[in-house]
Amino acid sequence: MSSIRLVLQDPVIVRDFLRTRTPFETAKTALFFYFVITQSLKLCRHVQARGITDSLRDSWTWTYRQVLLLALKIPSVQKDVQQQLDQARLDIEGKLVPQGVDVSRHLVLPDEGKSMGWILAEMEKMDGELGPHADWKHGKLSGAVYHGGEDLSRVIVAAFERYTVSNPLHPDVFPAVRKMEAEIVSMCLRMYNNPDGAGTMTSGGTESIVMAIKTYRDWAREVKGITEPEMIVPATAHAAFDKGGAYMKVKVHLIPVDPVTRKVNIKRVRRAINRNTILLVGSAVNFPDGNQDDIVVLGELAAKHNIGLHVDCCLGSFIVPFLEKAGLSDGEDGGARYKLSPFDFRVRGVTSISCDTHKYGFAPKGSSVIMYRDAALRRHQYYVTPYWTGGVYASPSLSGSRPGALIAGTWAAMQYMGSDGYLKSCREIVSCARTIANTITNSIPELYVLGSPPASVVAFGSKSPEVNVHEVGDAMSKRGWHLNALSGPAAVHIACTRLTLPLVDTFIADLRDSVQQAKLTPSGKGTMVRLYGLGNSSAVGPEMVSELATMFLDTLYKA
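Residues numbered from 1 in each chain as written. Predicted model: local features only at pLDDT ≥ 70, side-chain atom pairs only at ≥ 80, totals over all residues. Heavy atoms only, no water.

With that settled, consider the overall build of the protein chain. Within the protein chain, the regular secondary structure consists of 18 helices and 13 strands. Against the compact-globule benchmark of 24 Å for 559 residues, the protein chain has a radius of gyration of 27 Å, which places it among compact chains. Each of the three principal axes of the protein chain carries a C-alpha extent, and together these read 90 × 65 × 65 Å. In the protein chain, which comprises 559 residues, the share counted as buried stands at 44%. Excluding contacts between residues fewer than 6 apart, the proportion of contacts in the protein chain whose partners are at least 24 apart in sequence is 72%. Counting every atom, the protein chain has about 29,200 Å² of accessible surface; 59% of that belongs to carbon and sulfur. Separation of charge centres in the protein chain, based on 62 positive and 55 negative side chains, amounts to 7 Å. (Helix = DSSP H or I, 4+ residues; strand = E, 2+ residues; numbered from the N terminus. Rg over C-alpha atoms; globule rule 2.2 N^0.38 Å. Buried < 20%, exposed > 50% of the residue type's maximum accessible area, 1.4 Å probe, protein only. Contact = heavy atoms within 4.5 Å. Areas by Shrake-Rupley, 256 points an atom, 1.4 Å probe, with all protein chains shown as cover. Lys, Arg positive; Asp, Glu negative; His and termini not counted. Charge placed at Lys NZ, Arg CZ, Asp CG, Glu CD.)

As structure tokens, then:
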């Protein structure tokens, strides 16, 4: 080693070596070393973020998966797998696509236009084609329908009617729609304690998150010169962050959460930050189990490293900002359970927040708000080109044309509800969720509540070896409930809404019965058990589940 060092330090030897090489060979060598160094740096950053153990586990899983995928290409095995997938496709279609001689299919335009009476009658017929279990009005849902009541629905429909043809792409033609959108953003900014901030509306939580990722990517490229951006995301954060990372070419580091508190592991977050990091993410609250991350500590890290911190409040929306006023933010048992920690723009380091108006804001579906600490950051969300032959093109978000009727409906819902209405809704819904959580903790010994959820979501897993929690979920499905299955750990959750309020006792009674059914007579054939069992069955389980999910999406477009 010392002899090599002496040779490299001798300028005569180095000069003679370079003289014997052509410029092409020198360039080729330089390119080779550049490739090795850059890839080594990427590998080091990856291992630093994931840890040696997880990196080795990921490498082994990937290798094992490739071997299994090759085995699946053996003709006899491939034939068997294909037969099972074909049967699964038929099962999915049987649940989603109405069948029978009485089912009308409208595959081509009618020769003549139909009357309103015919159209409404046909809609009513289609509503019942899959049976009574598809009726959301029974209220046995986890989230899905955030219904503010029949009176509010009539207000929203009236707003739709007035602004049916409106398009905010043309603010000079529809000035009221422009004004309402600006006012919606302003109301949300004040709700999250940043009256001098900025924001835009989007079509939903996913677009709000994707727009935030795009904003930080472009900001980091312009301000910090980062061309290979990375973001650090809790494992419990919404899948929209993975989706946005894929769309915007931003590498995602998923960080595990504490198995007890369900908060992201701050030590791992700190270790994952590097010079390519553009964004940290925290939830208040997260979708899977309804817990929140430590936004204060994440904010300190973001401020220290001059990077963004996005707080996902899409689900917390019009619940978490009202917990303090409702007297519920301190939780129960002296803050030992359900305590809400600071999460909004009052926290140093928070630079953006997403909030779904179409959830607990009771606005029509397809409306959300993305907020920024200041207008300078928001500018990086815009897309502007002066070079189009059709003229200067500028849009604030992904869509060009947007339905002004949705904006009007959202504005109308917020005006109708008012702060008092949202405060009352928050108090009722959160009290309902805590009733369910306390009942599980105190009187259903086979189950446990994940973390300490401060808002409207309660997730429960099994602490009994005799009870598969997904069997419990399938048993609840047979009783008419539409709940969400989770993995990592296996669990089931309910997002309480106003529809849940009159059914809380029914939910608890059905849950008790379902636990006993899962313990004494497990079927092993329910959707949750089969789907999530397949996902965890082997290294290729996730690929099989992905194929089933793709079949599901294909089925959505089967007329």
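What follows is about the sheet that holds strand E6 (residues 352-355). Pairing is mixed across the open sheet formed by seven strands, whose spatial order is E1-E7-E6-E5-E4-E2-E3. Taken across any chain shown, the strands that pair with only one partner, and hence form the sheet edges, are strand E1 (198-202) and strand E3 (251-255). Taken pair by pair, the neighbouring strands of this sheet meet at an average axis angle of 20 degrees, ignoring direction. Across four bridges, E6 lies against strand E7 (residues 368-372) in antiparallel orientation. (Pairing = 2+ DSSP bridges. Axes fitted to C-alpha atoms, helices over the stretch in contact; angles between N-to-C directions.)

Turning to the sheet that holds strand E13 (residues 491-495), a few remarks are in order. Spatial strand order, E10-E11-E13-E12: four strands in an open sheet with antiparallel pairing. Each end of this open sheet is capped by a strand with a single partner; those strands are strand E10 (447-449) and strand E12 (484-486). The average angle at which neighbouring strand axes cross in this sheet is 30 degrees, direction not considered. Judged from the three bridges that link them, E10 and strand E11 (residues 457-462) form a sheet pairing that is antiparallel. For leucine 447, the partnering residue across the bridge sits in E11 and is serine 462. In the packing of helix H15 (residues 469-478) onto the sheet, the strands contacted are E11, E12 and E13, and the crossing angle to E13 comes to about 45 degrees.

Turning our eyes to something else, we now look at the pattern of salt bridges. Here the structure, examined in full by the defined rule, presents 19 salt bridges. Where lysine 179 meets glutamate 183, a salt bridge forms, and the shortest distance between an N and an O atom there is 2.5 Å. Of the two residues, lysine 179 and glutamate 183 are both situated in helix H8 (residues 175-191); the distance of four residues between them amounts to about one turn of the helix. Accessibility expressed as a relative area gives 44% for lysine 179, which makes it partly exposed. Linking aspartate 344 and arginine 346 is a salt bridge whose minimum nitrogen-to-oxygen distance equals 3.0 Å. What makes arginine 346 exposed here is its relative accessible area of 54%. (Salt bridge = Lys/Arg side-chain N within 4 Å of Asp/Glu carboxyl O.)

Our focus in this paragraph is helix H14 (residues 404-443). The end-to-end C-alpha separation of H14 is 49 Å, well short of the 58 Å expected for 40 residues at 1.5 Å each. Roughly 80 degrees is the biggest bend found in H14, and it falls at glycine 418. (Expected span 1.5 Å × (residues − 1). Bend = angle between axes of the 7 residues up to and from the residue.)

Across the interface, helix H5 (residues 75-96) lies against helix H18 (residues 541-556) with an axial gap of 10 Å and an inter-helix angle of 40 degrees. With respect to their mutual orientation, H5 and H18 come out oblique. Crossing of H5 over H18 shows right-handed handedness. Contacts from Val81, Leu85, Ala88, Arg89, Ile92, Glu93 and Leu96 of H5 reach H18 at Met544, Glu547, Leu548, Met551, Phe552, Thr555 and Leu556. (Parallel < 35°, antiparallel > 145°, perpendicular 65-115°, else oblique. Left-handed = near helix turned anticlockwise from the far one by under 90°.)

Counting through the fold element by element, valine 469 comes out in helix H15. Remark: the alpha-carbon pair of valine 469 and leucine 486, spanning 17 residues in sequence, is separated by 9.7 Å. Ignoring sequence-local partners within four residues, the contact set of valine 469 consists of Phe460, Gly461, Ser462, Ala490, Ala491 and Val492.

Attention now moves to the side chain of asparagine 438. Assignment of secondary structure puts asparagine 438 in helix H14. On the basis of relative accessibility, which here comes to 15%, the residue asparagine 438 falls in the buried class. Side chain to side chain, asparagine 438 and glutamate 332 meet in a polar contact 3.2 Å long. A distance of 2.7 Å separates a polar atom in the side chain of asparagine 438 from a polar atom in the side chain of tyrosine 338. (Polar contact = N/O pair within 3.5 Å; in protein donor to acceptor, adjacent residues only side chain to side chain.)

If you look at the biggest cluster of nonpolar residues, it comprises 97 residues, and the most contacted ones within it are Tyr192 and Phe507. Top element by residues in this core is H14. It accounts for 16 residues. Ranked by size, the runner-up nonpolar core spans 24 residues in total, among them Met211, Trp219, Ala220 and Ala240. (Core = buried A, V, L, I, M, F, W, Y, C linked by side-chain atoms within 4.5 Å.)

With that settled, the discussion passes to a nonpolar patch on the surface. A contiguous nonpolar patch, built from Phe32, Phe33, Phe35, Val36, Ile37 and Leu41 and spanning about 590 Å² of accessible area, is present on the exposed surface. In this structure, phenylalanine 33 sits in helix H3 (residues 23-50). (Patch = residues over 30% accessible without salt bridge, like charges linked within 9 Å, V, L, I, M, F, W, Y side chains within 5 Å.)

Our next topic: unusual backbone geometry. The omega torsion of the bond from alanine 284 to valine 285 falls at 10 degrees, within 30 degrees of zero and hence cis. Along the chain, valine 285 falls in the loop between strand E4 (277-283) and helix H12 (295-305). Between glycine 488 and proline 489 the backbone carries a cis peptide bond, its omega angle lying at 5 degrees. In this structure, proline 489 sits in the loop between E12 and E13. With a phi close to 65 degrees, alanine 144 is a non-glycine residue in the positive phi region. With respect to the element layout, alanine 144 can be found in the loop between helix H6 (116-127) and helix H7 (150-162). Its identity is not glycine, yet aspartate 333 carries a phi of approximately 55 degrees, on the positive side. With respect to the helices and strands, aspartate 333 occurs in the loop between strand E5 (308-312) and E6. You can call aspartate 333 exposed: its relative accessible area is 55%.

Moving on to the pairing of E7. With five of five residues buried, E7 lies mostly within the body of the structure. The pairing of E1 with E7 spans five bridges and is classified as antiparallel. What sits directly across from threonine 200, in E7, is isoleucine 370.

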